[in-house]
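Reading the structure
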Amino acid sequence: MIWQLDIVFLILVVISAIAAISVKDLLSSAILLGAYSFLMCLLWSEMGAVDVAFTEAAVGAGISTAFFIGFIYQTTRRTKD
Amino acid sequence: MKERYPDVTIETICRLLIPPIQLFALYVIAHGHYSPGGGFQGGCILGASFIMMFIAYDIGEVKRKMQEKLNTILCSTGVLIFAGIGLICLILGANYLDYGILHNILPVHQAKARALGTLGIEIGVGIAVTSVMVSIFLNIATAGEHEGEP
């Protein structure tokens, strides 16, 4: 475990999470959530939990981004609030 | 689904990328019992490769190759493999999913039987997860319009 690397990943995770909930475009929000998942995957593999990181990379960054994009095509792309 | 615009870049890249992704997914499923990975992760990767095919090509054309009826059958087959191996252990007199007892019916010793039982479970979970992921994506992308319905 390298604590400098940990701090860099944690700051990037917080930035991408705040960006994902504050951006108005829903497609950008889905892509930012994918980036968040991938950063969490890096964080977990850096902490030594390789199995959890693998699951996060397969489900969080891969499948759920595709599902979100599929959902966005059924609704409007701009959020109202 | 929205109208489709054929794009030669996306189609070529998907055609190049899908076979290595599927090969890697099978590797993850097959090595699930002694390395990171397993049925769920490998099934997710395999399902993602099919979803990639649905996104890149025409959804009706891909559906003719991989039908929804077959997908549903595969989904329940995976659950059947999982529950069936567990039930065989139960019938042979051990606990549910206690694979060590499988050496009574397999021509191998107990440790090998345990590894083979875990591999069978991983294969069942992989099949079920793959088809459920494809089924969820088809439900989203076609807004609930299934084939064979009036």
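Note: the structure precedes this text.
Residues numbered from 1 in each chain as written. Chains lettered and ligands numbered in written order. Predicted model: local features only at pLDDT ≥ 70, side-chain atom pairs only at ≥ 80, totals over all residues. Heavy atoms only, no water.

Here we take up the packing of helix 4 (residues 68–91) of chain B against helix 5 (residues 110–141) of chain B. Residues and elements named next belong to chain B. Packing of helix 4 against helix 5 leaves a shortest axis separation of 8 Å and a crossing angle of 150°. By the criterion of interaxial angle, the relationship of helix 4 to helix 5 is roughly antiparallel. Like other packed secondary-structure pairs, helix 4 and helix 5 cross with a definite hand, here left-handed. Note on element contacts: helix 5 touches helix 4 through G117, G120, I121, G124, V125, I127, A128, S131, V132, V134, S135 and L138, opposite E68, N71, L74, C75, G78, V79, I81, F82 and I85. Taken together, the residues of the contact of helix 4 with helix 5 sort by class into 13 nonpolar, seven polar and one charged. (Axes fitted to C-alpha atoms, helices over the stretch in contact; angles between N-to-C directions. Helix = DSSP H or I, 4+ residues; strand = E, 2+ residues; numbered from the N terminus. Parallel < 35°, antiparallel > 145°, perpendicular 65-115°, else oblique. Left-handed = near helix turned anticlockwise from the far one by under 90°. Contact = heavy atoms within 4.5 Å. Nonpolar A, V, L, I, M, F, W, Y, C, P; charged D, E, K, R; others polar.)

So, on to unusual backbone geometry. All names here are of chain B. Positive phi, close to 60°, is recorded for L97, a residue that is not glycine. Here L97 is to be found in the loop between helix 4 and helix 5. For L97, a relative accessible area of 24% translates into the label partly exposed. (Buried < 20%, exposed > 50% of the residue type's maximum accessible area, 1.4 Å probe, protein only.)

Residue and element names in this part refer to chain A. On the surface, a cluster of nonpolar side chains totalling about 580 Å² of accessible area is made up of W3, I7, V8, I11, L12 and I15. Within the fold, I11 resides in helix 1 (residues 3–22). On the basis of relative accessibility, which here comes to 47%, the residue I11 falls in the partly exposed class. (Patch = residues over 30% accessible without salt bridge, like charges linked within 9 Å, V, L, I, M, F, W, Y side chains within 5 Å. Areas by Shrake-Rupley, 256 points an atom, 1.4 Å probe, with all protein chains shown as cover. Salt bridge = Lys/Arg side-chain N within 4 Å of Asp/Glu carboxyl O.)

This paragraph deals with the nonpolar core. Judged by nonpolar contacts, the single largest core of 27 residues is most densely connected at F67(A) and F54(B). Those residues in contact with F67(A) that sit more than four places away from it in its chain are I51(B), M133(B), I136(B), F137(B) and I140(B). Core analysis: the next-biggest nonpolar cluster, separate from the first, contains six residues, I85(B), Y99(B), L102(B) and I121(B) among them. (Core = buried A, V, L, I, M, F, W, Y, C linked by side-chain atoms within 4.5 Å.)

Take the interface of chain A and chain B next. A common way to report how large an interface is uses the accessible area buried once the components associate. Contacts between chain A and chain B engage 13 residues on the former and 18 residues on the latter. Between chain A and chain B the total buried area reaches about 1,300 Å² when both faces are included, carbon and sulfur atoms providing 80% of it. Inspection of the chain A/chain B interface yields zero salt bridges. On inspection of chain A and its partner chain B, the count reaches five residue pairs in polar contact (both at pLDDT 80 or more). Grouping the amino acids of the side of chain A that touches chain B by side-chain chemistry returns nine nonpolar, three polar and one charged. (Buried area = accessible area lost by both parts, 1.4 Å probe. Polar contact = N/O pair within 3.5 Å; in protein donor to acceptor, adjacent residues only side chain to side chain.)

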